[in-house]
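Listed below are the residues making up each chain.
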Amino acid sequence: MALSPAVANLVEEYKRFNKTTMNELFALDNNRAEKYTIEFEDLIFDYSKNRFDDKVLSALIKLAEEHNLKNRINDMFTGKKINVTENRAVLHTALRNFSDTPIYVDNVDVMPEIRRVREKMKTFSEAVRNGTFRGFTGKKLTNIVNIGIGGSDLGPYMVTAALKKYWAKDIKCYFISNIDGTACAEVLNEVNPEETLFIVASKTFTTIETLTNARTCRDWLVKALGEQAVANHFVALSTNTKAVAEFGINTDNMFEFWDFVGGRYSLWSAIGLSIALAVGYDNFEALLKGAEAMDNHFKTAPLDKNIPVIMALIGIWYNDYYNIHRYGVIPYDQYLKFLPSYLQQLDMESNGKSVRLDNKKITDYATGPALFGGAGTDVQHSFFQLLHQGTEPVPVDFIIPAVSQNENGKHHEILLANILAQAEALMKGKTTDEAAAELRAAGKDEATIEKLKLNKSFDGNRPSNMFIINQLTPYNLGMLIAMYEHKVYTQGVIWEIDSFDQWGVELGKQLALKILPELENGVTANHDSSTTRLINKVRTIRAKAVTKAA
Ligand code: G6Q
């Protein structure tokens, strides 16, 4: 395909620029850090440690303009059906709209319904927390078990963990997602039926994992307290009223959301009920308001001062011009330890696509990178070796609050020192001469120095973004999550893909349904020889184990 003007320009920019190192850029410009930092409310975003200069940046901005990014942002916020393969509007932003602005889908303002469900969540979460809504035997419901998977799990799981400091003292949250019976068994071992509220979270209410887990939990509860107890111990979060009723949950105990809320964008909806129960509705609302602040920034800031846009463009620069298809997110905050898994779904399920909006297969550029990460400093002692000395760089997002919620002696300063040191080390590197000088200073002989100096050198020039928030509050967390959502959307716009569908998860599901009866009754379908053989092997092992157990 012929290159568009903006892409052709970027190809030239890459040729001009790619040998330039960040060390050179910093040496040339004392002002670089200040110039390439955006401060927004409690967030500092320093993107100066990336491989770009003014010319590259303006070429990237032109790329965004070529894709009419401003209009496309507006399309999302105003309810245009930008999820084209599912013919749906994408309005997670409406869930955190606290302005009076109506938002229309098919000529209907969705805001009154959104406000109604928010109010219902508020009333219910407060009633559970203050003990007005109780379990069947009159006990306070203090164990909250969210049963959901994917988008109906990862968001609330990550956010409740991130806001653990805000949990009510007597409330505990559990999450069951995996179909692996162990997930259910381990939670049920820990909770007491009289004090447990099960939240069945499923947009479609057809997901096999969630329904199987929910049935197991329901049977467990009914066995302990009887059928009548279900109304006090089960609520549903869904778009599918009929299926909720069929499952045996009273639809009065159902919290609705709508087709215009995608699974991985749903923590702001009724799917966030476990969050509201754990941290209180006011804190849940603060989370939404932080996201709303980021929405307004994304909508109104000029492209070159727009945090999600800059993040997206830098990501595209590495992905499509440097051909680096990996991306690390490293929060230096124990409470954010699940953020990378959450972002993995957000980013990879949204932008792991290879068909364009115009229905053509993508053959000449790359879309979403593989995202991984973990909490610092732990990961410094695991995969950071590859970040520093592997053959291919990995662009990294570093995230840290300036003030910890558990300030204790020197802990947080050591943590801060580490994150700043890692970003500096990745960029600066260490030459072989420097490594040799260090070895010499340590008294090593020349033969040892020769042997070790290359191993002890670091190429450097490895890029990172630095995000510093004042403190990890619900509001600031909302801001951070929305920032990533908008980065993902911006990249999807530029790659011309639908960031809101997920057809890729279907094929495996279909095949699993075929294999399931074969594990019991033997292979009937025409599989490849590996799959057939593995099914048979497993059947033999299980048959023996069952005979033994009997
Ligand atoms: C997310 C995906 C997916 C979905 C789960 C659960 O965007 O759509 O992760 O959230 O498959 O689906 P249900 O909520 O319908 O059970």
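A quick note: this is a predicted structure, and the numbers were derived from the prediction, not measured. (Residues numbered from 1 in each chain as written. Predicted model: local features only at pLDDT ≥ 70, side-chain atom pairs only at ≥ 80, totals over all residues. Heavy atoms only, no water.)

## Re the state of the cysteines
A covalent bond between the sulfur atoms of two cysteines is referred to as a disulfide. Inspection of every chain in the model, using the stated rule, returns zero disulfides. Free cysteine C173: the closest other cysteine sulfur is in C217, separated by 15 Å. The exposure class assigned to C173 is buried, which follows from its relative accessible area of 13%. Unpaired in terms of disulfides, C184 finds its nearest cysteine sulfur in C217, a separation of 3.7 Å. Assessed through its relative accessible area of 4%, C184 is described here as buried. (Disulfide = S-S within 2.5 Å. Buried < 20%, exposed > 50% of the residue type's maximum accessible area, 1.4 Å probe, protein only.)

## Regarding the side chain of T93
Mapped onto the elements, T93 comes out in the loop between α5 (69–77) and β3 (104–105). Since its relative accessible area comes to 4%, T93 is described here as buried. In this structure, T93 is in contact with M76, F77, D295 and H486, ignoring residues within four places of it in sequence. (Helix = DSSP H or I, 4+ residues; strand = E, 2+ residues; numbered from the N terminus. Contact = heavy atoms within 4.5 Å.)

## A word on helix α13 (residues 281–300)
Between its first and last C-alpha, α13 extends 28 Å over 20 residues, near the 28 Å set by a 1.5 Å rise per residue. By the burial criterion, the buried members of α13 are Y281, F284, L287, L288, G290, A291, E292, A293, M294, D295, H297 and F298. (Expected span 1.5 Å × (residues − 1).)

## Some details on the sheet that holds strand β9 (residues 254–256)
In a beta sheet, neighbouring strands are held together by backbone hydrogen bonds and run either parallel or antiparallel to one another. Read across the sheet, five strands follow the order β6-β5-β7-β8-β9 without closing on themselves; strand pairing throughout is parallel. Each having just a single partner strand, β6 (172–176) and β9 make up the two edges of the open sheet. The average undirected angle you get between the axes of adjacent strands in this sheet is 20°. One ladder, built from five bridges, connects strand β5 (residues 143–147) with β6; its direction is parallel. Opposite N146, over in β6, you have F175 as the bridge partner. Relative to the sheet, helix α9 (residues 208–225) contacts β5, β6, β7 (196–201) and β8 (234–238), its axis offset from that of β7 by approximately 155°. (Pairing = 2+ DSSP bridges. Axes fitted to C-alpha atoms, helices over the stretch in contact; angles between N-to-C directions.)

## So, helix α18 (residues 432–441)
Looking at α18, one finds that the buried residues are A435, A436 and L439. The buried residues of α18 occupy one face: seen down the axis, they fall within an arc of 100°. Turned more than 90 degrees off the buried face of α18, the exposed positions are D433 and A441. Those residues of α18 that are buried are in contact with α19 (446–452). A positive backbone phi angle near 85° is found at G443, which sits one or two residues after α18. (Arc of directions from axis to C-beta.)

## A look at the packing of aromatic side chains
Per the stated rule, a full pass over the model turns up 28 aromatic pairs. Taken together, the aromatic side chains of Y14, F17, W317, Y318, Y321 and Y322 make up a single cluster linked through ring pairs. Looking at R32, its charged tip hangs above the ring of F52, at a distance of 4.8 Å from the centre. Between K289 and the ring centre of F98, over which it is positioned, the NZ or CZ distance is 4.7 Å. (Phe/Tyr/Trp six-rings, centres within 6.5 Å; stacked < 30°, edge-to-face > 60°. Lys NZ or Arg CZ within 6 Å of the ring centre and 35° of its normal.)

## A look at the site of the ligand
Around the ligand, the surrounding shell holds 13 residues, and the nearest of these are S152, S202, K203, T204 and T207. Contact between the ligand and S152: an oxygen atom at 2.6 Å from a side-chain N or O atom of the residue. The contact in question runs from an oxygen atom of the ligand to an N or O atom on the side chain of E349, over 3.2 Å. Contact with the protein chains hides 87% of the accessible area of the ligand, taken as 410 Å² for the molecule alone. Grouping the amino acids of the shell around the ligand by side-chain chemistry returns one nonpolar, nine polar and three charged. (Near = heavy atom within 4 Å. Polar contact = N/O pair within 3.5 Å; in protein donor to acceptor, adjacent residues only side chain to side chain. Areas by Shrake-Rupley, 256 points an atom, 1.4 Å probe, with all protein chains shown as cover. Nonpolar A, V, L, I, M, F, W, Y, C, P; charged D, E, K, R; others polar.)

## Here's the deal with a nonpolar patch on the surface
Nonpolar side chains collect at one region of the surface, where I208, L513 and L516 lie side by side and expose about 300 Å² of accessible area between them. Here I208 shows up in helix α9. (Patch = residues over 30% accessible without salt bridge, like charges linked within 9 Å, V, L, I, M, F, W, Y side chains within 5 Å. Salt bridge = Lys/Arg side-chain N within 4 Å of Asp/Glu carboxyl O.)

## Re the environment of E119
In this fold, E119 is placed in helix α6 (residues 111–130). By relative accessible area, which is 44% here, E119 ends up partly exposed. The spacing of E119 and F133 is 14 residues in sequence and 16 Å in space, taken between C-alpha atoms.

## As for the sheet that holds strand β2 (residues 43–46)
One open sheet holds the six strands; their spatial order is β1-β2-β13-β12-β10-β11, and the pairing between them is mixed. Two strands in the sheet have a free side with no partner beyond their single neighbour: β1 (37–40) and β11 (370–373). Sheet twist, expressed as the mean angle between neighbouring strand axes with direction ignored, is 15°. As defined by bridge partners, strand β10 (residues 326–331) adjoins strand β12 (residues 396–401) across four bridges and the pair is classed as parallel. For I330, the partnering residue across the bridge sits in β12 and is F398. Lying over the sheet, helix α14 (residues 307–321) contacts β1, β2, β12 and β13 (464–469), oriented at roughly 25° with respect to β2. Lying on the sheet, helix α17 (residues 411–428) is in contact with β12 and β13; it crosses β12 at an angle near 160°.

## Brief notes about the nonpolar core
Counting residues in hydrophobic clusters, the biggest one holds 118 residues, and the most contacted among them are W317 and Y484. Among the elements that make up this core, the one with the highest residue count is helix α20 (residues 474–495) (12 residues). Apart from residues lying up to four places away in sequence, Y484 is in contact with M311, Y327, V329, L343, L346, D397, I399 and F467. (Core = buried A, V, L, I, M, F, W, Y, C linked by side-chain atoms within 4.5 Å.)

## What about the pairing of β10?
Among the six residues in β10, five count as buried, and that is most of the element. Summarising the sheet, β10 and β11 pair through four bridges and their orientation is parallel. From the neighbouring strand, G328 faces β11, where its bridge partner is F372.

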